[in-house]
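# Coordinate analysis (summary)
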Number of protein chains: 2
Amino acid sequence: MADSELPTRPKPEETPAAAAAEGAETKGPSKSALKKAAKDKAKAEKAAVRAAQEKAQAAAADANDTAKHLYGQMPESEDVLPTTRFTQIGDDQYEKEITVVARVDNARVQSAKLAFLMLRQQGQKIQCVIAAAEPISRQMIKYTGGLNVNSIVQVTGIVKKPQTPIASATLSNHEIHIQKVYMISEAAQQLPMQVKDAEKPPPETSEEGFQTDADGAPIVTLKTRLDNRVLDLQTETSQAITWISHGVTELFAEYMIKSGSRWIFTPKLVGAATEGGSGVFEVKYFKRNAYLAQSPQLYKQMCIAGDMENVFEVAPVFRAEDSNTHRHLTEFTGLDFEKTFHAHYHEVLGFAENLLVFILSQLKERYADKIAIIQKSYPKAGDFKLPKDGKALRLNYMDGVALLKADGVDVSEQERFENDFSTAMEKRLGQIIREKYDTDFYVLDKFPMAVRPFYTKACPQDSRFSNSYDFFMRGEEIMSGAQRINDIKELEASMRAKGLEPNQEGFEDYLNAFRQGCPPHAGGGLGLNRIVMFFLGLPNVRLTSLFPRDPQRLRP
Amino acid sequence: MADSELPTRPKPEETPAAAAAEGAETKGPSKSALKKAAKDKAKAEKAAVRAAQEKAQAAAADANDTAKHLYGQMPESEDVLPTTRFTQIGDDQYEKEITVVARVDNARVQSAKLAFLMLRQQGQKIQCVIAAAEPISRQMIKYTGGLNVNSIVQVTGIVKKPQTPIASATLSNHEIHIQKVYMISEAAQQLPMQVKDAEKPPPETSEEGFQTDADGAPIVTLKTRLDNRVLDLQTETSQAITWISHGVTELFAEYMIKSGSRWIFTPKLVGAATEGGSGVFEVKYFKRNAYLAQSPQLYKQMCIAGDMENVFEVAPVFRAEDSNTHRHLTEFTGLDFEKTFHAHYHEVLGFAENLLVFILSQLKERYADKIAIIQKSYPKAGDFKLPKDGKALRLNYMDGVALLKADGVDVSEQERFENDFSTAMEKRLGQIIREKYDTDFYVLDKFPMAVRPFYTKACPQDSRFSNSYDFFMRGEEIMSGAQRINDIKELEASMRAKGLEPNQEGFEDYLNAFRQGCPPHAGGGLGLNRIVMFFLGLPNVRLTSLFPRDPQRLRP
């Protein structure tokens, strides 16, 4: 029972067939079971009589139904009509007949002669009306107004201009007057939550279930939304967020490919927990153990040693950290790159800065409509500010320390190179830099060697520092990178200085790569989910993952 | 010792520092240890005297060395020279000075006044000559001819036309006359294998170590090559194969993005082994178990239920099958897509056929030079044949059965729907189709329902068959796909018919997605490594993975 520790949630109603199957598992009938069986039989007979009566009534009604071919289950023989997407509906469609396929967002019978249907397509909504007038029957109106919410239907009708704009619809100046309505996929009568209730951002508390907003309307907690992620993905905001995630990935790949970089796939199953055992997931691998890679770091460097010169990867990254915060996931998408340089690691740093400026500015250009949709739900953070001159702002780490110190922050540990910035310091620094430089994206270079991993190249001019950098968005880190040591002796010495033994199991292949000659190189690893989160100013990283994983959550 | 079951391989020579560190771990000195220490001390003293003598001699030589600033360790202050790539060297460079950064493929001293250097850049080779003539000294010639193979050097010199073309070089009509040579990254004197020995395809037997070809030259087994994969990646053939892998991925993403598809990332850590326990890797997930996803199947369908309409994924796929064959990996790259359709699943099938025709024809167009390089090593399979009219050949499964039967193959099991084709049958069918239709790429549609997974939609006209298809290259399957059942009742019935219990743990979230309404959809999953393997006609799928994983191999 892998999921037994997860909080329970409303179970779907059991189907009679499922119940029967369960019953079939008992081995032999007891006395009480026999009594129950007799009772059940009587019940079943009554039900059969009732069903026969209903069928007869329905047949009688059917006989009177002038519209019976215009609604109900989609007929197999129905000619395929070209369908119109909501985004294509404009003023030129008034008085024209169109066919749409969409979800039922809401359905209600107004009277025996009038019903309304709100249809939804990827969050966009349009109202439909059905009124009794030859050949449309009362049965068809009842059927339409009684459709289960979230069912997928095909509607054919005439586009009209409503007398007053329909405030609750996205397409408020268009209305479809229904002629035909067919069921494509019927949703259950009971849904664990309504998609429209998930359109509002979740409350900041993480309490179970539903809460109400100031107007008494229900708002759904993040937990309920993630438990029912398929419904949650149907909201206009979720749809837009998944497009931003798509956009970042596409722009990353586009930029890397244009630079001549090679797309690589490094193994996620690795033989040793080289990056520290605590944060690593262990896997049963036939008769021994394997581990899930925490990053492609060692492997992308081995590709560089393998003369691949310029490589990138888009792949899952696994972190077995028991961190239950708004910004930690145990599985996320890493956008990694590694590149040789000729004379100075700033060749690669400049490349990476341009990469991020490209991604962030193109997001604004290509996805302005999606960003606007998301900002309706999450307006707090405001527009993401990019440097006006199109060049990334680059400061040294110690400049950051000085800015914080001038602001009254205690940076004594940082001045002594004992610790990297805390999250609070980083956020404060983000505010200071925004005020001073008017940008939400910036780079810190030359981190102290003491706070960086063993493979980081020390600064040749001052060995207290290193040729390493972090990228920040709104004061939160989205990338870490550095020049890597490419000399075997220097690398072994650096390992020892960090308390690692080069002869330790798991490092052999990595170190051999340098014994066999390796060009100077640098690179970095971006967190896709963090870029999306901070670009949009979302309150929780889980909103950026289709099916988020954290220490508590392994489903859906 | 995760790697203890792997066969051992030559260990790198231990450095004195490493030996000292090991020594330091013993707790207290024994008598024999003290004796050894005294001996070591004497040895060290002798060595110190010898080193001092050598230093004095070197200083004396240095004093006479007219070229000492022209070679050796790359000087820090050296002005950065623009470097030329081998691919840029043409006839217009004769008599011009260029600077290149490359590997030493071979170095030899011909005489005290002449040495040769073969340089290598991503498999391409050029010969360099150094001759004693002011200011070049004998010391510089000795240094150049004695460079360790595989070291990375920066060479400056004049491009000359050699008197006779240099057969062993890729650039046989160009030669660099060395003026300067600096060390960028020195390789160890002993390498576990020579890159040039790995240029030849591995022998078909998998015996350990080295073998010799008909001319007595060493050929390296696949095992040795994969054990030393970083060196193996440096060969011209490996470089070209990794470019084909890049190309397939890029073309897949390009086509999907152009079609309006959304790039998704579904979880690899899942809560239950829904696809059958035997082929699934188990992961320790905090205090419970998780599993590695065998495919994104259920999740990409949930994205469709989440109204995403058209999605694709590029991600690792994990299979815990103990198959030790030339075509099985435990971790490979999956190229997946899933798409809604309006009237018929052939809308999606046609889309997928065009996708493959696009990928395979564009590979030929964009990567003709890489394909030619690979064919030098692996000529056997010949050019990959695509349908001349640019349209995929589509047959029904039963057409395939008939073709085999006409060829004299026993297909009685297939005629009774008891079994899918065996691998041998598929290969034979590939030959028959190549002869008959002149294509190496084709599609089989309408597989028997009995041989497909539970989520496959039965054929509405004949329920013995299903709306499912496989794609083949050179008679081997590269993609499996189908229309999926999108009706909850039909899905539950199909599960039961396949012996699966819908109430079983792990299916709840998946089935709920259909209870909440889901549009008709179809899709498929491609194996990147198989496409590369069969397109190029490679003998082993491991050649298509940077760092392959199989039941025996977890490293490098």
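Attention in this report is confined to the structure presented alongside it. Predicted model, so just to flag it, every value in this text is computed and none were measured.

Below, the discussion takes up the overall build of chain A. When you go through chain A residue by residue, the secondary structure sums to 15 helices and 19 strands. Counting across all 556 residues of chain A, residues that qualify as buried make up 55%. Within chain A, contacts between residues at least 6 apart in sequence are counted, and of these 68% link residues at least 24 apart. On chain A, roughly 24,200 Å² of surface is accessible, and the fraction owed to carbon and sulfur atoms is 51%.

So, on to the interface of chain B and chain A. Where the parts come together, the accessible area they lose is often given as the size of the interface. The interface of chain B with chain A comprises 114 residues on the first partner and 114 residues on the second. Carbon and sulfur atoms make up 56% of the area that chain B and chain A hide from each other, which totals about 9,700 Å². Between the two partners, chain B and chain A, sit 12 salt bridges. Taken together, the links from chain B to chain A amount to 52 residue pairs in polar contact (both at pLDDT 80 or more). Broken down by element, the residue count for the side of chain B that touches chain A peaks at 8 residues, all from helix 6 (residues 236–258) of chain B. Across the side of chain B that touches chain A, the residue classes break down as 56 nonpolar, 26 polar and 32 charged.

Before going further, it helps to spend a moment on the packing of aromatic side chains. Taken as a whole and assessed by the stated rule, the structure comprises 47 aromatic pairs over all chains. Relative to B:Phe447, the ring of B:Tyr397 lies with its centre 4.7 Å away and its plane at 50°, an arrangement referred to as tilted. Remark: B:Phe447 occurs in the loop between strand 16 (441–445) and strand 17 (468–473) and B:Tyr397 occurs in helix 10 (residues 397–406); sequence separation between them is 50 residues. Classification of B:Tyr397 as buried rests on a relative accessible area of 0%. For B:Phe447, a relative accessible area of 0% translates into the label buried. A network of ring pairs unites the aromatic residues A:Phe252, A:Trp263, A:Phe265, A:Phe312, B:Phe252, B:Trp263, B:Phe265 and B:Phe312 as a single cluster. Directly above the ring of A:Phe351 sits A:Lys339, whose terminal nitrogen or CZ lies 4.7 Å from the centroid.

Turning to the pairing of strand 14 (residues 331–340) of chain A, a few remarks are in order. Residue and element names in this part refer to chain A. Across the 10 residues of strand 14, 8 count as buried, placing the element largely inside the fold. Both strand 13 (residues 310–318) and strand 14 contribute to a ladder of 9 bridges, which runs antiparallel. Looking at the pairing, Phe318 lines up with Glu331 of strand 14. With 7 bridges connecting them, strand 14 and strand 19 (residues 521–527) associate as antiparallel partners.

This brings us to the relation of the copies chain B and chain A. With an RMSD of 0.1 Å, the operation that places chain B on chain A is a rotation of 180° combined with a shift of 0.0 Å along the axis. One copy is carried onto the other by what is essentially a two-fold rotation axis. Every residue of chain B has its C-alpha some distance from the rotation axis, and the shortest such distance is that of B:Val283, at 2.2 Å. When the interface residues of chain B are mapped onto chain A, 100% of them are again interface residues, pointing to one common binding face.

All names here are of chain B. Read from one edge to the other, the open sheet built from 8 strands follows the order 9-13-14-19-18-17-16-15, with strand pairing classed as mixed. Edge positions in the sheet fall to strand 9 (262–263) and strand 15 (393–396), since each of these pairs with one other strand and no more. Note: strand 17 against strand 18 (residues 476–484), 6 bridges, orientation antiparallel. Bridge pairing links Asp470 to Ser480 in strand 18. Its contacts with the sheet put helix 10 on strand 15 and strand 16, and the angle it makes with strand 15 is roughly 85°. Set on the sheet, helix 12 (residues 423–437) makes contact with strand 15, strand 16, strand 17 and strand 18; between it and strand 16 the angle comes to about 115°.

Here the focus is the pattern of salt bridges. Where side chains of opposite charge bring their charged atoms close, a pairing between them can arise. Going through the model one piece at a time under the given rule, you end up with 70 salt bridges over all chains. In this structure, the salt-bridge partner of A:Glu508 is B:Arg555, at a minimum N-O distance of 3.7 Å. With A:Glu508 in helix 14 (residues 508–515) and B:Arg555 in the segment after helix 15 (528–536), the pair connects residues from two separate chains. Between B:Asp470 and B:Arg452 there is a salt bridge; the shortest N-O distance is 3.0 Å. Note that B:Asp470 is positioned in strand 17 and B:Arg452 in the loop between strand 16 and strand 17, a separation of 18 residues in sequence.

Quick look at the sheet that holds strand 19 of chain A now. Residue and element names in this part refer to chain A. The 8 strands lie next to each other as 9-13-14-19-18-17-16-15, forming an open sheet whose pairing is mixed. On the outer flanks of this sheet lie strand 9 (262–263) and strand 15 (393–396), each paired with one strand and no other. Along the sheet, helix 6 (residues 236–258) contacts strand 9, strand 13, strand 14 and strand 19; its crossing angle with strand 13, the most-contacted strand, is approximately 155°. Sheet strands touched by helix 12 (residues 423–437): strand 15, strand 16 (441–445), strand 17 (468–473) and strand 18 (476–484). Its angle to strand 16, the strand with the most contacts, is close to 115°.

Residue and element names in this part refer to chain A. Interaxial distance between helix 6 and helix 9 (residues 368–377) falls to 9 Å at its minimum, and their mutual angle equals 130°. Taken as axis vectors, helix 6 and helix 9 run oblique relative to one another. Between helix 6 and helix 9 lies a crossing whose hand is left-handed. Packed against helix 6, whose contacting residues are Glu236, Thr237, Ala240, Ile241, Trp243 and Ile244, the element helix 9 presents Lys370, Ile371, Ile373, Ile374, Lys376 and Ser377 at the interface. By residue class, the composition of the contact of helix 6 with helix 9 is 7 nonpolar, 2 polar and 3 charged.

Residue and element names in this part refer to chain A. Strand 6 (residues 175–185) sits mainly inside the fold: 8 of its 11 residues count as buried. Pairing between strand 1 (residues 71–73) and strand 6: 3 bridges, direction parallel. Its bridge partner being in strand 6, Gly72 is matched across the sheet by Tyr182. With 9 bridges connecting them, strand 5 (residues 152–160) and strand 6 associate as antiparallel partners. Within the sheet, the bridge partner assigned to Ile152 lies in strand 6 and is Ser185.

Calculation notes
Residues numbered from 1 in each chain as written. Chains lettered and ligands numbered in written order. Predicted model: local features only at pLDDT ≥ 70, side-chain atom pairs only at ≥ 80, totals over all residues. Heavy atoms only, no water. Helix = DSSP H or I, 4+ residues; strand = E, 2+ residues; numbered from the N terminus. Buried < 20%, exposed > 50% of the residue type's maximum accessible area, 1.4 Å probe, protein only. Contact = heavy atoms within 4.5 Å. Areas by Shrake-Rupley, 256 points an atom, 1.4 Å probe, with all protein chains shown as cover. Buried area = accessible area lost by both parts, 1.4 Å probe. Salt bridge = Lys/Arg side-chain N within 4 Å of Asp/Glu carboxyl O. Polar contact = N/O pair within 3.5 Å; in protein donor to acceptor, adjacent residues only side chain to side chain. Nonpolar A, V, L, I, M, F, W, Y, C, P; charged D, E, K, R; others polar. Phe/Tyr/Trp six-rings, centres within 6.5 Å; stacked < 30°, edge-to-face > 60°. Lys NZ or Arg CZ within 6 Å of the ring centre and 35° of its normal. Pairing = 2+ DSSP bridges. Least-squares fit on C-alpha atoms with pLDDT ≥ 70 in both. Axes fitted to C-alpha atoms, helices over the stretch in contact; angles between N-to-C directions. Parallel < 35°, antiparallel > 145°, perpendicular 65-115°, else oblique. Left-handed = near helix turned anticlockwise from the far one by under 90°.

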